[in-house]
Structures are given as structure tokens and as C-alpha cells.
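Report on the structure
Here is how the chains run, residue by residue.
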Amino acid sequence: MEVESFEDEAVAKLLNDWFVSIKVDREERPDVDKVYMSYVQALYGGGGWPLSVFLSPDLKPLMGGTYFPPDDKYGRPGFKTILRKLKEAWDSKRDMLIKRGSYAIEQLSEAMSASSDSDKLPDGVPADALRLCSEQLSGSYDSKFGGFGSAPKFPRPVEINLMLYHSKKLEDTGKLDGANRIQKMVFFSLQCMAKGGMHDHIGGGFHRYSVDECWHVPHFEKMLYDQGQLANVYLDAFSITKDTFYSYISRDILDYLRRDMIGPEGEIFSAEDADSAETEGAARKKEGAFYIWTGKEVADILGEHAALFEEHYYIKQSGNCNLSGMSDPHDEFKGKNVLIERKEPSELASKYGMSIETYQEILGECRHKLFEVRSRRPKPHLDDKVIVSWNGLAISSFARASKILKGEVEGTKFYFPVVGTEAKGYLRIAEKAAFFIWKQLYNVETHRLHHSFRHSPSKAPAFLDDYAFLISGLLDLYEFGGGINWLLWAIELQETQDALFLDRTGGGYFNNTGEDSSVLLRVKEDHDGAEPSGNSVSAINLIRLASMVAGSKAEHYKQNAEHLLAVFERRLKDMAMAVPLMCCAADMLHVPSRKQVVVVGERTSGDFENMLAAAHALYDPNRTVIHIDPNNKEEMGFWEVNNSNVALMAKNNFAVDKVVALVCQNFTCSPPVTDHSSLESLLSKKPSSSLT
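Reading guide: rules and limits
- Residues numbered from 1 in each chain as written.
- Predicted model: local features only at pLDDT ≥ 70, side-chain atom pairs only at ≥ 80, totals over all residues.
- Heavy atoms only, no water.
- Core = buried A, V, L, I, M, F, W, Y, C linked by side-chain atoms within 4.5 Å.
- Buried < 20%, exposed > 50% of the residue type's maximum accessible area, 1.4 Å probe, protein only.
- Helix = DSSP H or I, 4+ residues; strand = E, 2+ residues; numbered from the N terminus.
- Domains from an automatic or database assignment.
- Contact = heavy atoms within 4.5 Å.
- Pairing = 2+ DSSP bridges.
- 1 Å grid on protein atoms, 1.4 Å probe; cavity = no way out; pocket = protein on both sides within 12 Å on 5 of 7 lines; lining within 4 Å.
- Points joined across faces, edges and corners; volume = space filled by probe spheres on them.
- Nonpolar A, V, L, I, M, F, W, Y, C, P; charged D, E, K, R; others polar.
- Disulfide = S-S within 2.5 Å.
- Arc of directions from axis to C-beta.
- Polar contact = N/O pair within 3.5 Å; in protein donor to acceptor, adjacent residues only side chain to side chain.
- Expected span 1.5 Å × (residues − 1).
- Buried area = accessible area lost by both parts, 1.4 Å probe.

The next subject is the nonpolar core. In terms of nonpolar packing, the biggest core is built from 139 residues, with Tyr234, Leu449, Leu487 and Trp639 touching the most fellow members. Per-element tally for this core: the top contributor is helix H16 (residues 464-479), with 10 residues. There are two domains that each give this core at least three residues, and those are domain 2 (125-274 + 383-591) and domain 4 (596-684). Ignoring anything within four residues of it in the chain, the contact list for Tyr234 reads Leu190, Met193, Ala194, Phe206, Tyr246, Ile249, Ser250 and Ile253. Ranked by size, the runner-up nonpolar core spans 19 residues in total, among them Ile202, Ala306, Leu308 and Ile315.

Our next topic: the sheet that holds strand S18 (residues 668-669). With mixed pairing, the four strands of this open sheet are ordered in space as S16-S15-S17-S18. Edge positions in the sheet fall to strand S16 (623-628) and S18, since each has one partner strand and no second. As judged from the five bridges shared by strand S15 (residues 595-600) and strand S17 (residues 660-665), these two strands associate in the antiparallel manner. Its bridge partner lying in S17, Gln596 is registered against Cys664.

What follows concerns the sheet that holds strand S6 (residues 271-272). Read across the sheet, three strands follow the order S5-S6-S9 without closing on themselves; strand pairing throughout is antiparallel. Two strands in the sheet have a free side with no partner beyond their single neighbour: strand S5 (222-223) and strand S9 (382-383).

If you walk through the whole model with that rule in mind, you get five cavities of 30 Å³ or more. Approximately 750 Å³ is the volume attributed to the largest cavity. Taken together, 34 residues line the largest cavity, and the ones lying closest to its centre are Asn161, Asn232, Arg400, Asp476 and Arg544. Counting residues per element, the ones that place at least two in the lining of the largest cavity are helix H6 (157-172), helix H8 (224-241), helix H14 (388-404), H16, helix H18 (534-546) and helix H21 (580-589). Looking at side-chain class alone, the lining of the largest cavity contains 15 nonpolar, 11 polar and eight charged residues.

Moving on, we get to the pairing of S17. Along a regular strand, successive side chains alternate from one face of the sheet to the other. For S17, the tally of buried residues reaches six of six residues, placing the bulk of the element in the interior. With two bridges connecting them, S17 and S18 associate as antiparallel partners. Paired with Gln665 across the bridge in S18 is Thr668.

Okay, the state of the cysteines next. One pass over the structure, following the stated rule, counts one disulfide. The disulfide that involves Cys664 links it to Cys669, with 2.1 Å between the sulfurs. Around the S-S axis, the bridge from Cys664 to Cys669 shows a dihedral of about 105° and counts as right-handed. Free of any disulfide, Cys133 has its nearest neighbouring cysteine sulfur in Cys583, separated by 4.4 Å. Judged by its relative accessible area of 0%, Cys133 is buried.

Examined against the element boundaries, Ala179 turns out to sit in helix H7 (residues 176-195). Sequence separation between Ala179 and Thr294 is 115 residues, and the spatial gap between their C-alpha atoms is 43 Å.

Of the residues making up helix H1 (residues 9-18), those classed as buried are Val11, Leu14 and Leu15. Buried residues in H1, looked at end-on, bunch into an arc of 95°, giving them a common side. Structural note: H1 exposes Glu9, Lys13 and Asn16 on the side pointing more than 90 degrees away from its buried face. Structurally, H1 contributes buried residues whose contacts are with helix H3 (79-92). Where H1 begins, the capping side chain belongs to Asp8, and its oxygen is found 2.9 Å from the backbone nitrogen of Ala10.

Over its 13 residues, H18 extends 18 Å from the first C-alpha to the last, a length consistent with the 18 Å expected when each residue adds 1.5 Å. Of all the 13 residues making up H18, 13 are buried; the element is thus mostly covered by neighbouring parts of the structure.

In this section: the environment of Leu224. Looking at the element boundaries, Leu224 is found in helix H8. The exposure class assigned to Leu224 is buried, which follows from its relative accessible area of 1%. Residues Leu224 and Glu408, 184 residues apart in the sequence, show an inter-C-alpha distance of 25 Å. Among residues more than four places away in sequence, those in contact with Leu224 are Leu257, Ile268, Phe269, Ser270, Trp390, Asn391 and Ala394.

What follows is about the domain arrangement of the chain. Domain annotation of the chain identifies domain 1 (1-112), domain 2 (125-274 + 383-591), domain 3 (285-379) and domain 4 (596-684). Relative to domain 4, the C-alpha centre of domain 2 lies at a distance of 25 Å. The interface of domain 2 with domain 4 comprises 28 residues on the first partner and 24 residues on the second. Summed over both sides, the interface between domain 2 and domain 4 buries roughly 2400 Å², with carbon and sulfur atoms accounting for 58% of that surface.

Next up on the list: unusual backbone geometry. Look at the link from Ala151 to Pro152: it is a cis peptide, with omega at -5°. Residue placement: Pro152 occurs in the loop between helix H5 (125-139) and H6. Of note, the amide linkage connecting Phe416 to Pro417 takes the cis form, showing an omega dihedral of 15°. Within the secondary structure layout, Pro417 lies in the loop between H14 and helix H15 (425-440). A positive phi angle, close to 75°, is found at Leu59, a residue other than glycine. Mapping Leu59 onto the fold places it in the loop between strand S1 (52-55) and strand S2 (61-65). For Asp331, which is not glycine, the phi torsion reads 55° and is therefore positive. Considering the arrangement of structural elements, one finds Asp331 in the loop between helix H11 (306-312) and helix H12 (345-351).

Set out below in C-alpha cells:
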């Protein structure tokens, strides 16, 4: 529509004569987008972008829709026709239009701000929701190409989160067949995504989604929220399997972010466009131009290794975007190739008579050569906005990588585009990004965040997702080795979030503060889509915070989580597949006792790092890690006030030149262990037998 209508002189004349045109950046103002998208979805049964909505002067919606061609065609009214009809209706039926718009907003307001008189979910709902969501996802599983659902295929990491969470629960209760069946679906899906064209094999990271069922031809935009979440699910897969295929993909994503998406002060940018010019100075940009290759280009660049590379990445002289009828229906990529892996490296290494190491080394060198050539092409536009919520997701993945990747076998080799950084380097990146937000987007007096930054903080206040995702990232930053200051900030932000967004009577969190009267709806968002919902993430944050502190504060967090989940009882019962992360949260809250690992010792020692890595080595979403250096007065002071048991454990188990770990559950702790392998074996025991 940008090209067809908004750059058209005739359309511009109609708009300028009769309308006031307002362009909304939905990343900058998701609250505004949500109001009018909800209206279009409710009225027409579906929505999407581009979104065009026509409003009365008091901002009530009169009519809306998604794509309109400039003139009548495809059986749809053209944009010019819509403009003329609306002008006629406004002149002749104005009162009726306004009344209808007001009624629609009233109905939406009622429907989208659910509340609950009950302050907790009925027994049985969490377990049923978890099982139901897992069954529904399993029913939509694509056994041929991996993933859940049909084309277009989005990665939707929240679905992977749910499936891994459920498989762990089944495993812990001895239902190994069910656990293995779910894990096979997840791991096959993650492998297919990583081998497909949705993954940028040359530069790292993932594109937004695949237009076809085989993860081949993507929509080439790269979003930060995808990178953060995908890095985390590949880290989870590695912590379960110890297969470096998954740790390599995590590194691939994080190294892409570090190279291309991080600003001078550690801030992490939000996106790269799908379109770019094919040549310098070209008038029009084209989808994927930066990323696709002709067979001749590849052959000329790679010379002697071209045949090996072409076979590995399914490159054809005639182009390879014909794997599916949906891959390139309009012949946009005719004669071009999107890299995809369709054969096993071991099989091809054997065919070429070389070791797998040599084969991988050659592939890495080839990728590097193509990367150098690609970097001289006109680049897609970098959206250098810094969005707090998305930075929160990335902070989480960098922090978690710093310990989980220490589980790689020593001497593991990495090939371009992975650099092979020392794992703890990722923690520094996470801390730098968090510090940027604290310095540039946080008011230490009001304890409020701004939503985004570009050259300066935006005027938009932060939304629920900004608080929830950042708190989650800060909890990971603390648990995976960052200082106590990050935990203190997370607690402070949670207090602000409660003050601004919590419905203290009805339960749950609104998506905005309600302070801007021009935003007509306060919605309680629950859908876990490409991004998780702020309410799902908040529920998990509250559960995690309740497991760290003690007394009335812990009880307060738990009660807020209980009430929040009660608000969405109907969704959990009827539409579990729409709220996978909330299903996990509901189950987490009803786990009889969360496992706590307490690590005590001098933070500067290598043993402390190793013990923390052991605490996080195994996949367990129902575990909290607390680490404390008794020499640090600030840390000891925090625990003495917020959880005296932890402070006492630190005092009683502190010894110079020794790092001690304890595993606690049901108010009982294991005997202290003093080496990381003992901690790992203690944590690997089944719940019933792990403690004495």
C-alpha cells in the first residue's frame, strides 16, 4: 500500500481534501495499534498489517480493514472507492457512524478487560491446561518439515517453551515415553528451522517467518524479539541434549546481534528490514535482495569449493525457490537461491572423502567469503530504535548463554559466522544493555521507564511488556551471575509495574497506564504469539520473585500471580493453545515446592563461576538460583532484610578458598557440596530422591 496508494497522486488528493492522515508506528505505540487492530478483528473476524482505520474526530473507529488495492480488483473495493464512500457516509449518516463506533469501543472495552472475583484458579485447571495445550500443539505438528501448524510458519518460541516444560514434567513423573515423544517433535522442529532458509546461514540470526511449509523462503525481516527468544530455546535444547548443534545455533544468533545490532553504549537495536536495493542507487528496493544468490555468483566466488557448497545448500543454476508451491508464487525469486540444508554433513563429508571437521571448516570458509561479498551490497535499513521490552528478551538470552554454554565440551570448534567467544563475555553484553536502559530510559526518582530510545528517549511511556520483559531479563541477569543490583532493580520495577498496570480489584495487568485519554481501551493482553503476553511473563516473574524473598513480600507476589491467572481461567480451559506460556505459569505456581540452589563463596574465584554453571547446567524451569558472597556487605544486607534463611546459610557455609552449594526444597536442604560435579549430579536426581 505504501507504493500503490500512499505514493499515488490521486489517492493523496482525496486524503488531503477530506481526511487528516496519521501514520502510527506500531512498535512505538503498540497501545494505539492494539485499540484499532482489536476493532478490525472483532468486526471483520481477522486483522493484520497494513492496517487502515477511519476515525471520527474524537478517535472512535468508523470503519477499517487491512490491505486495499488502489482500484477495485481481486473482488475487493479499491482504496479510492473506500475514501469516496466514507466521505458520502460522513456527509449523510454521520450520527449513525459515530454511534456505531462508540458502541463498538464500549463492547470491546468490556470484552478485553476481563476480571475475576475469585483470587485463584480452581484445582486441576493448571494441569489440564498444560496437557490440553501440549495435545493441541501435538495435533498440529508437521512430522515432515517440523514446526506446529501450516504455512506461513512462524517460529513462535512460546510453543517450544510449553512443549519442553511439559516433557520435563512427564519425565519427572516417570512418563518417559510421553516425554521422549514431545522432545522428538521439538528437536526435529528446531533442526528444521535452523537448516531452513529462515535461518541466515551467512550472517547468523533468523528471519521473521517462512512463507512455505518447509522453512525455506522467508519474509526477510529480522526482529530482535525473535532473536532473543530463539537463542533461549536453542540454549534449552542444548542443556537437555548436550548436542553442540543447538549451542552453535544459540551462538550464531547472539554473535549476529553482537556484530550487527548493538550500539556503542551496549544498546540493542530492534530490527533489520526485509527489502533493500539490488544495486547502489536503484530506485526500488526488493524483498530479500541482500540475502539471495544466483548460482553463477556462488560459483564465481567459491571456485574449487563451489560444488561442495552448492550441494550442501541446495543451490541450483536455475534457482531453488521452487521447493513448495507457496515458496515463490509470484516468481519474485526466479533464478535466485535461498540457502537451505537438505542433507546431513556427515553423509556429504563421506562423499567428498574428508573428515567432518575438514568439511565443516571448508563450509565456514565459504560462508565467510560470501559474507564479505554480501557486505558490499546495499544493506537493508537498520531500525536503530532501542525498545525496552525486546532488549529485555535479548538480555535474558545473553545472560543465560554465559553459563549454559560452559557445558560445551572443551575444545569445541566453531565456524563462521560463529566467533566462539568465551561464554562469560556474553554476560558483559547483557549487563551493558541493561545499564544502557537504566541510564537512558529509566527515571530513578519516579522509578518509571520510557518505552524506546532513538537519539533520545521517546515521549511514549513504557507499557506492560516493557516492565515485564525487562524484569524477566534482569532476573536472568542476576541468577546467571550478575550483581545483586540487577535483582534490586527488578524488585523496584515490579513495584512500579504494580502501581501503574495492576487491576487491584479484578486481577491481572492492563497493557497501558490509562493516563493517556486518547487511547480508548485498556486491555488485559493474554495471547502468547510471536512475543509472549505481558501477563504470562508477569505471572512467571512473580513466581520467581516469590521464591527468592520470604515472608509477606513473597506472599504478596504469589497472591498477585494467583489472581492474575484466575482472570484468564476461561482462556486456559477453552483456548490453551493461544496461551502456552500462561499454561506454564499456571503449572509453575502449583508446583508443590520450587527448587532453590544457593551458591556461597567469593565471587571472584573461578570455582564460583563453575559452581554457577553447574547450577544452570540442566534444564529445569522450576529452579531458582541464588548466589551470595558473604564478603559483600550490600548482598548480605539485602538477604538479611528479604530472606534471613539465605543470609544464615551464607554465614554458616562460608569458608575462605571454598565455594559451597546447597539445594533446598520443601524447607529442607541437602548437605553442602563443594565441587561443581557433585552439584550437577545432585540436581540430576529425580525430585523425590534429590534431598536428604
